[in-house]
Amino acid sequence: MSTEHTGFCPVYRAIGVLQEKWVLHIVRALLNGEKGFNELARAVGGCNSATLTQRLEHLETLTLITKRTEDSHGKLARSVYSLTPAGLELQSVIDAIDGWAKSHLGAPAPTTPDLPAAPTSPC
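Given the structure is predicted, the values throughout are model-derived calculations rather than measurements.

Asks: Explain the sheet that holds strand 3 (residues 78–83) to me, using residue names and the numbers behind them.
Replies: The sheet built from three strands is open, its strands ordered 1-3-2 with antiparallel pairing. Each edge of the sheet is formed by a strand with only one pairing partner; in this case those strands are strand 1 (35–36) and strand 2 (65–70). Of the pairings in the sheet, the one linking strand 2 to strand 3 comprises six bridges and is antiparallel in character. Among the inter-strand pairings, I65 is bridged to a residue of strand 3, identified as L83. Contacts between helix 2 (residues 23–30) and the sheet are confined to strand 1, strand 2 and strand 3, with strand 3 contributing the most and set at about 90 degrees to the helix.

Next comes the structure, spelled out in structure tokens:
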């Protein structure tokens with residue numbers, strides 16, 4: 001079976017965008033409402049600032065998120081990110097992944113001393 005794509009395939013293109021590390025984590029965090037850069041970094045967890053900035057710029061280019069700058073009255077301006085209507089439509093993708101995972105992955109197996117523990121925070 002060939003995996004080469006010779007023409008435009010919307011699914012192939014979407015997977016290319018959504019599989020980038022941290023993209024779905026960013027979208028998922030913003031589904032709960034707009035967030036400043038630092039708040040978003042904490043919500044995503046584990047993503048360094050340079051990578052987060054790069055992903056946010058890419059998502060903004062794709063018009064999945066918007067960025068606005070708040071004046072902080074003499075302090076550094078604060079960047080605030082939110083999903084566009086197109087970004088909000090990814091809620092159904094997140095819901096589909098959630099439903100599939102609940103049906104097919106089940107609860108994580110107990111950890112062994114050689115493996116890190118699964119996160120205990122709720123979804």
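Having put the structure on the table, let's press on.
Asks: Lay out the environment of L90 in plain terms, naming residues and giving numbers.
Replies: Mapped onto the elements of the fold, L90 is located in the loop between helix 5 (85–88) and helix 6 (91–104). Not counting residues up to four positions away in its chain, the partners in contact with L90 are L18, V27 and L64.

Asks: Provide a residue-level description of the pattern of salt bridges, including the pertinent values.
Replies: For the coordinates displayed, the defined rule picks out six salt bridges. One salt bridge in this structure joins R78 and E39, with 4.0 Å as the shortest N-O distance. On the criterion of sequence distance, the pair formed by R78 in strand 3 and E39 in helix 3 (residues 37–44) is long-range, its members being 39 residues apart. With a relative accessible area of 35%, R78 lands in the partly exposed category. According to the relative accessible area criterion, E39 is partly exposed, its value standing at 34%. Look at the salt bridges and you will find they share partners, linking E34, E39, R68, E70 and R78 into a network.

Asks: With reference to specific residues and values, describe helix 3.
Replies: Restricting attention to buried positions, one finds in helix 3 the residues F37, L40 and V44. Seen along its axis, helix 3 keeps its buried residues to an arc of 65 degrees; they face one direction. In helix 3, the exposed residues that point more than 90 degrees away from the buried face are N38 and R42. The secondary structure elements touched by the buried residues of helix 3 are helix 2, strand 1, helix 4 (49–61) and strand 3. G45 sits one or two residues past helix 3 and shows a positive phi near 65 degrees.

Asks: Can you explain the layout of surface pockets? Please cite residues and give values.
Replies: If you add up the space inside the second largest pocket, you get close to 170 Å³. What lines the second largest pocket is P10, R13, A14, V17, L18, L62, L64 and L90. Residue composition of the lining of the second largest pocket, grouped by class: seven nonpolar, no polar and one charged.

Thresholds applied
- Residues numbered from 1 in each chain as written.
- Predicted model: local features only at pLDDT ≥ 70, side-chain atom pairs only at ≥ 80, totals over all residues.
- Heavy atoms only, no water.
- Pairing = 2+ DSSP bridges.
- Helix = DSSP H or I, 4+ residues; strand = E, 2+ residues; numbered from the N terminus.
- Contact = heavy atoms within 4.5 Å.
- Axes fitted to C-alpha atoms, helices over the stretch in contact; angles between N-to-C directions.
- Salt bridge = Lys/Arg side-chain N within 4 Å of Asp/Glu carboxyl O.
- Buried < 20%, exposed > 50% of the residue type's maximum accessible area, 1.4 Å probe, protein only.
- Arc of directions from axis to C-beta.
- 1 Å grid on protein atoms, 1.4 Å probe; cavity = no way out; pocket = protein on both sides within 12 Å on 5 of 7 lines; lining within 4 Å.
- Points joined across faces, edges and corners; volume = space filled by probe spheres on them.
- Nonpolar A, V, L, I, M, F, W, Y, C, P; charged D, E, K, R; others polar.

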